[in-house]
Each structure stands twice: as structure tokens, then as C-alpha cells.
Amino acid sequence: MASIFTQIVEGNLPCHKICENDSFLAFLDINPIKPGHSLVIPKKEVDYLFDLEDDLYRGLMAFAKPVAEAIRAAVSCQRVGVIVAGYEVPHAHVHLIPTESMADFSFALARRASDPDLAKVAESIRQQLPRVQS
Ligand code: 5GP
């Protein structure tokens, strides 16, 4: 059975997309710790991040960088924090989370967000991408 994220990649499940290329996809987490909490994934389904082949691993991190910059520009925060967990979805992914302090590094703060709220924040992040990429 394909992972939830592969189903998103294949367009069989919806997501609030930030950006994608042939190999990677960034989209909003449906249960954000803070508005703007995003997930960056390789399209290839590999469970454990550190099992990715080196080029894909480096590519994922390089792909995440402008996404993090766009999140920081779109959502007021001190730093975009990174968490790699993977206990819920067995498809490698990096969490990019707007944070103000260490206290924000907590999945206990995660709450389901409404589609309109997710759509709004995704659009504001997408609008920042050309600026951070130029
Ligand atoms: P982890 O596997 O790193 O523990 O967490 C997986 C993350 O994926 C969670 O933060 C969860 O909210 C998110 N998630 C689970 N299912 C979906 C989904 O169908 N769509 C989106 N956008 N996020 C999901």
C-alpha cells in the first residue's frame, strides 16, 4: 500500500502545495504546530530519511532551504525549526516549523487546521518563493 505521502504525490489525496519539482514536494502539514508548518518529501517512497541515497538526501535539504526562507518571510517567526520524526508516516520527510523558542518544538501543540486557513497560509508562502529564490 502506497504511503499517504505517495498518494499525495500521485494526486490521489489533496494537499496544500507550496512547490514541487521532479524529485521533491513541499506542502503544509494538516496538523500544524504553528501556521506555516510544512513537510518536505522526496517523491520516491523511502521510509527512513537516512536511508535516502546521498544525492536524494542532499537534494531534499537543498530543496527545503528556499521553502524555509519563504515560510520565514510569510509567517512571523524567529527561526524555522527542523524536526525529523517519521513515526506516523513511513515516507521520509522533514518538518519545517515556524518557531519563537524551544517550546515550539512540540508535537503536543499540533492542531488540525481548517482548509481555508491552510489555503491562505500556503498562498502567502508561495508568494514569497520567487523573492527568496532570486
Ligand atoms: P511523523 O511521521 O514525522 O511523526 O509525522 C507525520 C506528519 O504528517 C504529522 O505531523 C501529520 O500531521 C502529517 N500528516 C499526516 N497525514 C497527513 C495528510 O494526509 N496530509 C498532510 N498534509 N499531512 C499529514
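These remarks concern the structure in this document.

Rules used in this analysis
Residues numbered from 1 in each chain as written. Predicted model: local features only at pLDDT ≥ 70, side-chain atom pairs only at ≥ 80, totals over all residues. Heavy atoms only, no water. Helix = DSSP H or I, 4+ residues; strand = E, 2+ residues; numbered from the N terminus. Buried < 20%, exposed > 50% of the residue type's maximum accessible area, 1.4 Å probe, protein only. Contact = heavy atoms within 4.5 Å. Areas by Shrake-Rupley, 256 points an atom, 1.4 Å probe, with all protein chains shown as cover. Lys, Arg positive; Asp, Glu negative; His and termini not counted. Charge placed at Lys NZ, Arg CZ, Asp CG, Glu CD. Disulfide = S-S within 2.5 Å. Core = buried A, V, L, I, M, F, W, Y, C linked by side-chain atoms within 4.5 Å.

### So, the overall build of the chain
Part 1 of the reasoning: Secondary structure assignment for the chain yields 3 helices and 5 strands.
Part 2 of the reasoning: Each helix and strand of the chain, ordered N terminal to C terminal, gives the series α-β-β-β-α-β-β-α.
Part 3 of the reasoning: Projected onto its principal axes, the C-alpha coordinates of the chain cover approximately 35 × 35 × 30 Å.
Part 4 of the reasoning: Residue burial in the chain is summarised as follows: out of 134 residues, 44% are buried.
Part 5 of the reasoning: Taking as baseline every contact in the chain between residues at least 6 positions apart, the subset at least 24 positions apart corresponds to 58%.
Part 6 of the reasoning: Of the accessible surface of the chain, which amounts to about 7,600 Å², a share of 51% is contributed by carbon and sulfur atoms.
Part 7 of the reasoning: Separation of charge centres in the chain, based on 13 positive and 17 negative side chains, amounts to 8 Å.

### A closer look at the state of the cysteines
Part 1 of the reasoning: The tally for this structure, following the rule as stated, stands at 0 disulfides.
Part 2 of the reasoning: Left unpaired, Cys15 is separated from the closest cysteine sulfur, that of Cys19, by 11 Å.
Part 3 of the reasoning: We note that Cys77 lacks a disulfide partner, and the nearest cysteine sulfur, in Cys19, lies 17 Å from it.
Part 4 of the reasoning: A relative accessible area of 14% means that Cys77 is categorised as buried.

### Points about the nonpolar core
One recurring pattern in soluble globular proteins: nonpolar side chains tend to sit buried together.
Part 1 of the reasoning: Counting 30 residues, the largest nonpolar core has Ile18, Val67 and Leu96 as the members making the most contacts within it.
Part 2 of the reasoning: Elements supplying a minimum of two residues to this core: β1 (17–20), β2 (24–28), α2 (54–74), β5 (94–99) and α3 (115–133).
Part 3 of the reasoning: Examining the composition of this core, we find that 8 residues originate from one element, α2, more than from any other.
Part 4 of the reasoning: With residues near it in sequence (within four places) discarded, Val67 still touches Ile18, Cys19, Ala26, Leu96 and Leu129.

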